Amino acid sequence: MCRHLGYVGPAVRVGEMLTAGTHSLRTQAWAPRDMRGGGTINADGFGVAWWRAVEPADTQHPSATGEPPGGAAAGSTVIASRYRNSAPIWTDPAVEEVLTQLHSTAVLGSIRSATVGMPVERAACAPFTSAQWAFSHNGSVPSWRKVITAASSDLDNAATRFGATRLFETIQLLEAESPTDAATLWVLLRQLLTAVSPDGFVDSPGTALGLLASGVLKHAPAARLNFLLGDGETLWATTVHHALSALVTDTFAVLASEPYDDDPNWRSIPDRSLVVASPGKLTIDPLPDSTKGASR
């Protein structure tokens with residue numbers, strides 16, 4: 001299906017996170033080890049997001065700098081920037097010639113294996129971004145248009161009962177960058193993230209991921225839903241069918257579809273899990289199916 005990787009920790013070169021290790025994300029494009037029936041290679045494009053500080057007035061029109069979130073000045077905010085290409089990652093010289101010149105304390109990368117029938121285009125490549133958020137989906141949703149529309153309707157009904165009216169509008173699904181399950185899932189997740197508050201309909205980004213996964217699985221039990229979400233400081237992920245591993249130390253955290261090296265501290269994540277990772281912290285819980293009780 002796809003492979004993805006998220007990193008938070010000390011500043012690194014963005015491009016090097018795509019090529020690090022003997023089994024790097026770039027290597028996994030042509031030689032993945034654990035696709036679980038989701039194709040044989042990941043040659044339908046790639047993308048990478050990194051985080052940088054900008055002044056509030058510049059968040060709608062950010063400049064093309066690569067400053068890390070750790071260097072954010074008082075009064076500034078952190079947003080996700082991205083680079084994407086619909087060509088195989090191994091054909092793009094920008095990975096080593098340009099992306100290595102950017103530094104960030106957080107990186108989220110993805111390589112794509114397009115589901116049959118879906119377009120191979122730049123707009124279909126993860127990460128999908130908005131403000132501080134970056135998102136990737138490794139998997140597939142059968143009959144995705146019908147299923148995601150039904151999940152959106154269910155969430156709208158639940159939010160209305162909670163008192164959060166007009167939070168989800170089906171017509172907003174048309175805002176997807178590309179006619180794919182991943183791009184449309186991102187529209188729905190973005191709506192969930194706007195509702196996050198301690199006492200709100202959605203109490204954390206982890207809850208948002210759990211609600212999205214359970215909402216889709218209700219209508220498509222065979223869906224494959226490995227989600228990866230980052231905000232520049234924390235990583236959240238789900239595992240439904242596909243593999244995920246974690247490497248967490250006191251100084252950095254990595255979540256990856258496949259380990260990129262032979263470090264013995266990599267930890268395999270069980271299926272149907274919700275994962276929260278940051279330097280010095282790794283939380284693994286059963287995938288939730290309600291608005292309360294998920295990891296923050």
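Okay, so let's go over this structure. Values in this document were obtained by computation on a predicted structure and should not be read as measured data. (Residues numbered from 1 in each chain as written. Predicted model: local features only at pLDDT ≥ 70, side-chain atom pairs only at ≥ 80, totals over all residues. Heavy atoms only, no water.)

### With respect to the overall build of the protein
Where we set the bar: Comment: elements are numbered from the N terminus, with helices defined as DSSP H or I runs of at least four residues and strands as E runs of at least two. Only protein chains enter the area calculation, which uses a 1.4 Å probe; residues under 20% of their type maximum are buried, those over 50% are exposed, and those in between are partly exposed. The contact rule is simple, with two residues in contact once any of their heavy atoms fall within 4.5 Å. Each accessible area is a Shrake-Rupley result for a 1.4 Å probe, and residues are judged covered by the shown protein chains and nothing else.
The secondary structure content of the protein amounts to six helices and 13 strands. Expressed as a percentage of the 296 residues in the protein, the buried residues total 56%. Taking the contacts inside the protein whose residues are at least 6 apart along the sequence as the reference set, 69% of them involve residues at least 24 apart. For the protein, the exposed area adds up to about 12,000 Å²; of that, 51% sits on carbon and sulfur atoms.

### Some points on helix α4 (residues 144-162)
Inclusion rule: To estimate how far a helix should reach, multiply one less than its number of residues by 1.5 Å. It is the directions from the helix axis to the C-beta atoms that the arc portrays.
Spanning 19 residues, α4 covers 27 Å between terminal C-alpha atoms, matching the ideal 27 Å at 1.5 Å per step. Restricting attention to buried positions, one finds in α4 the residues Trp 144, Val 147, Ile 148, Ala 151, Ser 152, Leu 155 and Ala 159. Along the axis of α4, the buried positions cluster into a sector of 135°, meaning they face one direction only. When the buried face of α4 is taken as reference, the exposed residues oriented beyond 90 degrees from it are Arg 145, Lys 146 and Arg 161. Residue Gly 163 follows α4 closely and has a positive phi angle near 110°.

### Here we look at the sheet that holds strand β7 (residues 224-230)
Counted only if it meets this: Note on pairing: two strands pair once DSSP finds at least 2 bridges between them. Note on method: axes are straight lines fitted to C-alpha atoms, helices fitted across the in-contact stretch only, with angles between N-to-C directions ranging 0 to 180 degrees.
Strands sit in the order β5-β6-β7-β8-β12-β13 across an open sheet of six strands; the sheet is antiparallel. Each of the sheet's edge strands pairs with one partner strand only, and the pair in question is β5 (128-130) and β13 (281-286). Going from strand to strand, the sheet's axes swing by 15° on average, the running direction of each strand aside. Bridging between strand β8 (residues 235-239) and strand β12 (residues 273-278) involves five bridges; their strand directions are antiparallel. Within the sheet, the bridge partner assigned to Trp 236 lies in β12 and is Val 276. Sitting on the sheet, helix α5 (residues 181-194) touches β5, β6 (133-140) and β7, and the angle it makes with β6 is about 135°. Of the strands in this sheet, β6, β7, β8 and β12 touch helix α6 (residues 205-219), which is tilted by about 160° from β7.

### Re empty space enclosed by the protein
Stated precisely, the cut-off is as follows: Grid points spaced at 1 Å over the protein atoms alone were grouped into cavities, where a 1.4 Å probe fits but cannot get out, and pockets, open sets with protein on both sides within 12 Å along at least five of seven lines, with lining residues defined by an atom within 4 Å of a point. Grid points are joined across faces, edges and corners, and a volume is the space filled by probe spheres set on the points. Three categories are distinguished: nonpolar for Ala, Val, Leu, Ile, Met, Phe, Trp, Tyr, Cys and Pro, charged for Asp, Glu, Lys and Arg, and polar for the others, with Gly belonging to the last.
Counted according to the given criterion, the structure contains one cavity of 30 Å³ or more. Each pocket or cavity is described by its volume, and for the largest cavity that value is around 140 Å³. Lining the largest cavity are 17 residues, with Cys 2, Arg 112, His 137, Asp 181 and Ala 182 sitting closest to its centre. Secondary-structure elements contributing two or more residues to the lining of the largest cavity are β4 (103-112), β6 and α5. Class assignment of the residues belonging to the lining of the largest cavity gives a composition of eight nonpolar, seven polar and two charged.

### Some thoughts on the environment of Gly 163
Position of Gly 163 among the secondary structure elements: in the loop between α4 and α5. Overall, the relative accessible area of 57% leaves Gly 163 in the exposed class.

### Looking at the pairing of β4
Taking burial as the measure, the 10 residues of β4 include nine buried ones, the bulk of the element. Note: strand β1 (residues 2-13) against β4, nine bridges, orientation antiparallel. Paired with Val 12 across the two strands is Ser 104, which belongs to β4. As paired strands, strand β2 (residues 46-54) and β4 are joined by five bridges and run antiparallel to one another. Each bridged residue has a counterpart across the sheet, and for Ala 49 the counterpart in β4 is Leu 108.

### What about the sheet that holds β2?
Read across the open sheet, the seven strands follow the order β3-β2-β4-β1-β10-β9-β11; overall the sheet is antiparallel. Of all strands in the sheet, those bounded by a partner on one side alone are β3 (77-85) and β11 (267-268). As judged from the two bridges shared by strand β9 (residues 245-248) and β11, these two strands associate in the antiparallel manner. The residue bridging Ser 245 from the neighbouring strand is Ser 268, located in β11.

### Let's talk about the state of the cysteines
How we decide: Note on terminology: pairs of cysteine sulfur atoms within 2.5 Å are recorded as disulfides.
Scanning the model with the defined rule gives zero disulfides in all. Cysteine Cys 2 remains unbridged, with the sulfur of Cys 125 as its closest cysteine sulfur at 8.7 Å.

### Observations concerning unusual backbone geometry
For the bond running from Ala 126 to Pro 127, omega is 5°, close enough to zero to count as cis. Relative to the assigned elements, Pro 127 resides in the loop between β4 and β5. We note that Ala 131 has phi near 50°; this positive angle belongs to a residue other than glycine. Note on placement: Ala 131 falls in the loop between β5 and β6. The phi dihedral of Ser 143 is positive, around 50°, even though this residue is not glycine.

### What about the packing of α5 against α6?
Operational definition: In these notes the angle categories are as follows: under 35 degrees is roughly parallel, over 145 is roughly antiparallel, 65 to 115 is roughly perpendicular, and the rest is oblique. What makes a crossing left-handed is the near helix being turned counterclockwise from the far one by less than a right angle; a clockwise turn instead makes it right-handed.
It is the contact of α5 with α6, at a shortest axis distance of 9 Å, that shows an interaxial angle of 140°. Put simply, α5 runs oblique to α6. Crossing handedness for the pair α5 and α6: right-handed. Across the interface between the two elements, Leu 185, Leu 188, Leu 189, Leu 192 and Leu 193 from α5 touch Pro 205, Ala 208, Leu 209, Leu 211, Leu 212 and Val 216 from α6. A class-by-class count of the residues in the contact of α5 with α6 yields 11 nonpolar, no polar and no charged.

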